[in-house]
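Residue-level structure breakdown
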Amino acid sequence: MNSNIRPENMTRITTKELAEAFIDEQVRLVREQVGDKKVLLALSGGVDSSVVAALLIKAIGKQLVSVHVNHGLMRKGESEQVIEIFEKGLNANLVYVDASERFLNLLAGVSEPEKKRKIIGAEFINVFAEEASKLEGIEFLAQGTIYPDILESIKQAEGKKAVKSHHNVGGLPEDLQFELVEPLKLLFKDEVRVVGEALGLPHGMVYRQPFPGPGLGVRCLGAITRDRLEALREADAILRDEFDKCGLAEKVWQYFIAIPDIKSVGVKDESRYEGWPAIIRAVNTTDAMSATIEEIPYAVLHKITARITAEVDGINRVLYDLTPKPTGTIEWE
Ligand code: XMP
């Protein structure tokens with residue numbers, strides 16, 4: 001598939017059988033494109049890069065080198081899951097880079113949201129390019145580009161302004177020019193998920209909620225500190241656990257915790273207890289351009305509040321953000 005335009009008569013991939021036919025065709029095309037050369041992939045663990053990885057492993061096995069950069073802003077257990085599924089489960093040629101220290105050092109004291117985004121995006125490319133330069137014989141770069149990304153670039157080329165600078169692995173240095181392998185570029189997200197399941201990826205990975213490239217970095221508001229980031233990671237894991245348990249994970253498009261850089265006075269064990277507030281954000285949307293607030297049962301909110309305040313060091317209040325988009329954006333930064 002050379003064209004970047006989805007043909008009007010292209011069948012939507014809605015069933016396992018259609019996905020299998022798509023996979024067979026892509027395996028053939030990728031083998032034809034790549035031959036016996038090596039392909040590099042930035043594997044974030046998100047839906048798109050994971051499905052590309054599984055597809056390319058099927059097509060070319062260890063000729064695919066997947067690099068997973070842990071920028072220290074991943075959710076709890078996320079990098080471990082990537083290693084478990086791809087290295088142990090699919091026998092991938094996986095390079096795991098723990099770059100947490102580098103990112104956190106660069107971000108120390110930086111509070112301006114766009115500056116934080118730029119630092120994370122640029123450092124991600126630095127780390128990825130460094131790893132790429134250590135590898136021999138790579139001629140191709142695989143990307144989890146999907147059709148909405150192509151439509152978005154067309155919109156931007158037409159001069160429409162983006163609200164936030166999104167982070168993707170574009171913009172690699174000029175001396176690292178590879179030919180691209182983008183097997184999902186004509187698919188919509190729901191089709192990518194069907195393909196992912198047909199490739200044997202776990203349901204939880206394929207249907208996981210979107211997670212921004214800068215990760216928890218845009219949810220640990222203002223200047224990131226290690227203690228507040230850790231509190232955020234733990235509180236977010238509790239929110240996700242409770243949403244899973246009561247079935248909300250299937251009904252709410254995106255849900256997470258944000259923690260602002262303020263403390264309030266509280267009380268714990270009969271003593272003054274200054275802590276941060278954890279803010280729950282849970283939104284529904286179809287295209288992320290606007291978003292609505294779903295009703296979360298009070299019992300669930302109480303349970304989450306009780307667990308976060310009891311289990312997470314440094315948090316003494318839990319707040320619920322009722323703001324739709326607009327005027328809020330989905331993320332707080
Ligand atoms: P906002 O906050 O702009 O978010 O309403 C809309 C959707 O985009 C996600 N988001 C990102 N995704 N890289 C991404 O890949 C980014 O830098 C980024 N920033 C925000 C956000 O989580 C929401 O789903």
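Computed from a predicted model, the values in this text were never measured in an experiment. (Residues numbered from 1 in each chain as written. Predicted model: local features only at pLDDT ≥ 70, side-chain atom pairs only at ≥ 80, totals over all residues. Heavy atoms only, no water.)

**Quick word on the nonpolar core**
What counts here: Put simply, a nonpolar core is a bunch of buried Ala, Val, Leu, Ile, Met, Phe, Trp, Tyr and Cys residues held in one set by side-chain atoms that sit within 4.5 Å of each other. With a 1.4 Å probe rolled over the protein chains alone, any residue whose accessible area is under 20% of its type maximum counts as buried; one over 50% counts as exposed, and the rest are partly exposed. Whether two residues are in contact is decided by their heavy atoms, any of which lying within 4.5 Å being enough.
Membership of the largest hydrophobic core comes to 48 residues, with the highest contact counts inside it found for Leu40, Leu229, Phe243, Ile257, Ile296, Ile308 and Ile315. Setting aside residues up to four positions removed in sequence, Ile315 forms contacts with Ala231, Ala235, Ile259, Tyr273, Trp276, Ala278, Ile308 and Thr309. Counting 44 residues, the second-largest nonpolar core is a separate cluster that includes Val34, Ala54, Ile60 and Ile146.

**Quick notes on the domain arrangement of the chain**
How we decide: Residue ranges labeled as domains rest on an automatic or database domain assignment. Buried area counts how much accessible surface, traced with a 1.4 Å probe, disappears from two parts once they are put together, with both parts' losses summed. Pairing of N or O atoms within 3.5 Å defines a polar contact, subject to two protein rules: one partner must be a possible hydrogen donor and the other a possible acceptor, and residues neighboring in sequence count only if both atoms are side-chain atoms. In DSSP terms, a helix is any run of H or I states spanning at least four residues, a strand is any run of E spanning at least two, and both are numbered starting from the N terminus. Think of it as three bins: nonpolar holds Ala, Val, Leu, Ile, Met, Phe, Trp, Tyr, Cys and Pro, charged holds Asp, Glu, Lys and Arg, and polar takes everything else, Gly as well.
Once the domains are mapped, the chain shows domain 1 (16-211) and domain 2 (219-320). The C-alpha centroid of domain 2 is placed 28 Å from the C-alpha centroid of domain 1. Opposite the 18 residues of domain 1 that make contact, domain 2 presents 18 residues. Around 1500 Å² of area is buried between domain 1 and domain 2 when both sides are counted, 49% of it from carbon and sulfur atoms. Considering only the side of domain 1, the residues that lose the most area to domain 2 are Lys76, Gln209 and Pro210, jointly responsible for 38% of the buried surface there. The interface formed by domain 1 and domain 2 includes 10 residue pairs in polar contact (both at pLDDT 80 or more). Tallying contributions element by element places helix H4 (residues 100-107) first for the side of domain 1 that touches domain 2, with four residues. Grouping the amino acids of the side of domain 1 that touches domain 2 by side-chain chemistry returns seven nonpolar, six polar and five charged.

**Looking at the packing of helix H9 (residues 226-245) against helix H10 (residues 298-311)**
This is how the line gets drawn: The axes used here are C-alpha line fits, helices contributing only the stretch in contact, and every angle between their N-to-C directions lies in the interval 0 to 180 degrees. In these notes the angle categories are as follows: under 35 degrees is roughly parallel, over 145 is roughly antiparallel, 65 to 115 is roughly perpendicular, and the rest is oblique. Each helix crossing is assigned a hand: it is left-handed if the near helix lies turned anticlockwise from the far helix by less than a right angle, otherwise right-handed if that turn is clockwise.
Put simply, H9 and H10 touch, their axes get as near as 10 Å, and they point 150° apart. By the criterion of interaxial angle, the relationship of H9 to H10 is roughly antiparallel. The chirality of how H9 crosses H10 is right-handed. In this structure, H9 uses Ala235, Ile238, Leu239, Asp241, Glu242, Phe243 and Lys245 to contact H10, whose residues at the interface are Lys303, Ile304, Arg307, Ile308 and Glu311.

**Things to note about the site of the ligand**
Selection rule: Definition of nearness: a residue and a molecule or strand are near each other if at least one heavy atom of the residue lies within 4 Å of the molecule or strand. Per-residue accessibility takes into account occlusion by the displayed protein chains alone, with areas from the Shrake-Rupley method and a 1.4 Å probe.
Taken together, 14 residues sit near the ligand, with Lys164, Gln254, Lys325, Ile330 and Glu331 positioned nearest. Glu331 is positioned such that a nitrogen or oxygen atom in its side chain is 2.5 Å from an oxygen atom of the ligand. Contact with the protein chains removes 88% of the 500 Å² of surface that the ligand exposes when unbound. Residue classes in the shell around the ligand are distributed as five nonpolar, five polar and four charged. When residues of the shell around the ligand are assigned to domains, at least three map to each of domain 1 (16-211) and domain 2 (219-320).

**A closer look at the pairing of strand E7 (residues 264-268)**
What counts is decided by this rule: Whether two strands pair comes down to DSSP finding at least two bridges between them.
In the sheet, E7 pairs with strand E8 (residues 271-284) via five bridges, with the strands oriented antiparallel. Directly across from Ser264, in E8, lies its bridge partner Gly275. Joining the antiparallel neighbours E7 and E8 is a turn of two residues, in which Asp269 adopts a positive phi near 50°.

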